[in-house]
Amino acid sequence: MKYRIHAMHGFLPLYDTRGARALDARATELLGGDGYVLMQRAGRAAWRHLAQSWPTARRLCVVCGPGNNGGDGYVLAHLARKAGLEVKVLHLAEHVPATPLAQRACTEYVAAGGAIGLFPEEWPQGDVVVDALFGIGLARAPDAFAAALIDAVNAQPAPVFAMDVPSGLDADLGSSPGKSIVADATLQFIARHAGLHTGQALEHTGALALDDLEVPPEAYGAALPVATLLTVDALPNWLFPRRRNSHKGESGRVLCIGGDHGSGGAIVLCAEAALRSGAGLVDVATRELHVPVVLARRPEVMAHGIESGEDLEPLLSRAGAIGIGPGLGQGEWGKAMLRLALASQNPLVLDADALNFLAAAPRVLTDAILTPHPGEAARLLGIDTAAVQADRFAAAAAIAVRYEAVTVLKGAGTVIAAPGQLPCVISAGNPGMAVGGMGDVLTGVILALRAQGLSAFDAACAGALLHSLAGDAAAGDGERGLLPSDLFPHLRRLANPGDLE
């Protein structure tokens, strides 16, 4: 199912391949019916982008396929030659232009004196290699000949510029069924492709940009987006400056449950993240042994030694929202804590071992947010991790439907899904965040926003975005060695966007 989205700052529409083709067709119609107009615009836009990105490049190798993506490449090659660059188009013997538009572009390039070579007989040197092989036109593994060409492009030392989509990558799923180009930069045309913003795709696109080719705005009525990309500009839609006479009760009281023996640090990270994200009151239910550590680290937390369900019940009754899972463990203590939390009917955020318990005994939830990484997502669905990563949109949606819960599928290009909602993708985050404890911080962030009055879906979206942006800010000193606690000062700053304008 697809949904319309409102135009708001920081909310960018993402389209699938079918939608992109519909937009292209409608734009062509509005521009007079000649598809070559758009092909010329795409070639010009790509040439401008290349010239700006690599201004010292003097030699180009443009790898063209048989379809319209190849036609875009011929247009770029023609323009680069006119600008004085040394240009060579390269294609496979079976990749002669196969569409009328590609044939037209190729004819104009050759008529102007452009050179064409065949792979593997030729492999010209280039300061930049342009990928115009397949674009969105391939949703299967490339054949052996195309795969060899892709390998050759990836192996050569020059930067690679992909036109619209790195060839071999599925623009809908963000995964690759076979060989695919690893680009240093990718320029999308007219529409942002949903699959290019999550999972494996982020290893292949390089710097990702969009050129709308100046198509008439009414062209975008031809297709509905399949997801929304969230950027930093979205935060003010959720996080407003507080009233001058606010009190702590208005900012929500949260309960963080976890920290079985040997795992006390996880619940401390969760609790501090909740405080730094604006929760008014934070209770922690953990093993008695960990209470002094919690208070020493963060005296603002109300820490409680909990050894039985009877100890936990008073805390459940006064919590506005509950986060459970960080350091919970898979023993009887953790199982008992989760059983009581689920029975409380409070808004919940589940992470880590709470998700593993849920996977072992699946049930429909009430007002819950699940925050699995790909491995936990696989267990929740009873599939393997590779299947989750092959289609992250489908996996997040399947978890949301199975458990009737908002789902935050973590990883590169975090995906948030919920029944009846257009999925959202987070545009921020970095590899330095792949470290133990980072998910505990995310749980605390989302929990705090849920307690401050955001709906479950909005809390998940805003929390995941805030967390990723804080991770990017903290990575200013380098990604390797980034600690979850490094996010805390940035969480506080970014959680107050209205105060920073």
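Residues numbered from 1 in each chain as written. Predicted model: local features only at pLDDT ≥ 70, side-chain atom pairs only at ≥ 80, totals over all residues. Heavy atoms only, no water.

Asker: I'm lost on the overall build of the protein chain in this one. Help?
Answerer: Within the protein chain, the regular secondary structure consists of 16 helices and 18 strands. For 501 residues, the compact-globule estimate of 2.2 N^0.38 gives 23 Å, and the protein chain sits close to it at 26 Å. In terms of overall dimensions, the protein chain has a C-alpha envelope of 85 × 45 × 40 Å along the principal axes. A total of 501 residues make up the protein chain; the buried ones form 57% of that total. By element, 53% of the accessible surface of the protein chain is carried by carbon and sulfur atoms, the whole surface being about 20,100 Å². Side-chain charges in the protein chain split into 38 positive and 50 negative, and the spacing between the mean points of these groups amounts to 3 Å. (Helix = DSSP H or I, 4+ residues; strand = E, 2+ residues; numbered from the N terminus. Rg over C-alpha atoms; globule rule 2.2 N^0.38 Å. Buried < 20%, exposed > 50% of the residue type's maximum accessible area, 1.4 Å probe, protein only. Areas by Shrake-Rupley, 256 points an atom, 1.4 Å probe, with all protein chains shown as cover. Lys, Arg positive; Asp, Glu negative; His and termini not counted. Charge placed at Lys NZ, Arg CZ, Asp CG, Glu CD.)

Asker: Looking at this structure, I do not really get the nonpolar core. What am I missing?
Answerer: Grouped burial of nonpolar side chains is what soluble globular proteins tend to show. Core analysis: the largest hydrophobic core is formed by 61 residues, its most contacted members being Trp238, Cys256, Val282, Ile369, Ile416 and Leu491. In terms of residue count, helix α15 (residues 456–474) provides more of this core than any other element does, twelve residues in total. Those residues in contact with Ile369, other than ones at most four positions away along the chain, are Leu348, Val349, Leu350, Val406, Val408, Ile446, Arg450, Ala456, Ala459 and Ala460. Within the second largest apolar cluster, 49 residues are counted, among which are Leu315, Leu381, Phe393 and Ile399. (Core = buried A, V, L, I, M, F, W, Y, C linked by side-chain atoms within 4.5 Å. Contact = heavy atoms within 4.5 Å.)

Asker: Explain a negative patch on the surface to me, please; I cannot follow it from the model alone.
Answerer: A cluster of acidic residues, Glu288, Glu310, Asp311 and Glu313, forms a negative patch at the surface. Considering the arrangement of structural elements, one finds Glu310 in helix α8 (residues 309–318). Glu310 sits in the exposed class, given a relative accessible area of 66%. (Patch = residues over 30% accessible without salt bridge, like charges linked within 9 Å, V, L, I, M, F, W, Y side chains within 5 Å. Salt bridge = Lys/Arg side-chain N within 4 Å of Asp/Glu carboxyl O.)

Asker: Can you help me understand the environment of Val406 in this one?
Answerer: Note that Val406 resides in strand β16 (residues 406–409). Residue classification places Val406 among the buried positions, given a relative accessible area of 7%. Each C-alpha atom of the pair Val406 and Val130 lies 40 Å from the other, and the pair is 276 residues apart in sequence. Among all residues touching Val406, those that are not within four sequence positions of it are Ala368, Ile369, Leu370, Ile416, Ala417, Ala418, Ala456, Phe457 and Ala460.

Asker: What am I meant to see in the sheet that holds strand β3 (residues 86–92) here?
Answerer: Picture the strands of a sheet paired through backbone hydrogen bonds; they go either parallel or antiparallel. Overall, parallel pairing links the seven strands, which are arranged β4-β3-β2-β5-β6-β7-β8 in an open sheet. Strands at the two margins of the open sheet, each flanked by one partner only, are β4 (115–119) and β8 (207–211). Between one strand and the next, the sheet's axes are offset by a mean angle of 25°, whatever the strand orientation. Pairing between strand β5 (residues 128–132) and strand β6 (residues 160–163): three bridges, direction parallel. Residue pairing for β6: Asp131 is matched across the bridge by Ala162. Across the sheet, helix α3 (residues 68–82) touches β2 (59–64), β3, β4, β5, β6 and β7 (185–189), and the angle it forms with β2 is around 160°. (Pairing = 2+ DSSP bridges. Axes fitted to C-alpha atoms, helices over the stretch in contact; angles between N-to-C directions.)

Asker: Teacher, can you tell me more about the sheet that holds strand β15 (residues 368–370) here?
Answerer: Ordered in space as β1-β9-β18-β17-β16-β15-β14-β13-β10-β11-β12, the eleven strands form an open sheet in which the pairing is mixed. A strand with exactly one partner marks an edge of an open sheet, and here the two such strands are β1 (11–14) and β12 (302–305). The mean inter-strand angle of the sheet, taken between neighbouring strand axes irrespective of direction, is 20°. Judged from the five bridges that link them, strand β10 (residues 253–257) and strand β11 (residues 281–286) form a sheet pairing that is parallel.

Asker: Just to check I follow, could you spell out helix α9 (residues 332–343) for this structure?
Answerer: Along an α-helix, a turn takes 3.6 residues, which lines up residues three or four apart on a common side. Helix length check: α9 (twelve residues) gives 17 Å between terminal C-alpha atoms against 16 Å at 1.5 Å per residue, within 8%. Each element contacted by the buried residues of α9 is listed here: β10, β11, α8, β13 (321–324), β14 (348–350) and α10 (353–360). Gln345 sits one or two residues past α9 and shows a positive phi near 65°. (Expected span 1.5 Å × (residues − 1).)

Asker: Got a minute to help me understand the packing of α10 against helix α11 (residues 374–381) in this structure?
Answerer: One way to put it is that α10 packs onto α11 with a least axis distance of 8 Å and a crossing angle of 20°. In terms of their interaxial angle, α10 and α11 are classed as roughly parallel. The handedness of the crossing between α10 and α11 comes out as left-handed. Along its contact with α10, which presents Leu355, Asn356, Leu358 and Ala359, the element α11 presents Glu376, Arg379 and Leu380. The residue inventory of the contact of α10 with α11, partitioned by class, reads four nonpolar, one polar and two charged. (Parallel < 35°, antiparallel > 145°, perpendicular 65-115°, else oblique. Left-handed = near helix turned anticlockwise from the far one by under 90°. Nonpolar A, V, L, I, M, F, W, Y, C, P; charged D, E, K, R; others polar.)

Asker: For this particular structure, what's the right way to read the packing of α8 against α9?
Answerer: A pair of packed helices is captured by two measures, namely the crossing angle of their axes and the spacing between those axes. Two numbers describe how α8 lies on α9: the axes approach to 10 Å, and their chain directions differ by 35°. The hand of the α8/α9 crossing is right-handed. Residues Gly309, Leu312, Glu313 and Leu316 of α8 form the contact with α9, whose own contacting residues are Met337, Leu340 and Ala341. Grouping the amino acids of the contact of α8 with α9 by side-chain chemistry returns five nonpolar, one polar and one charged.

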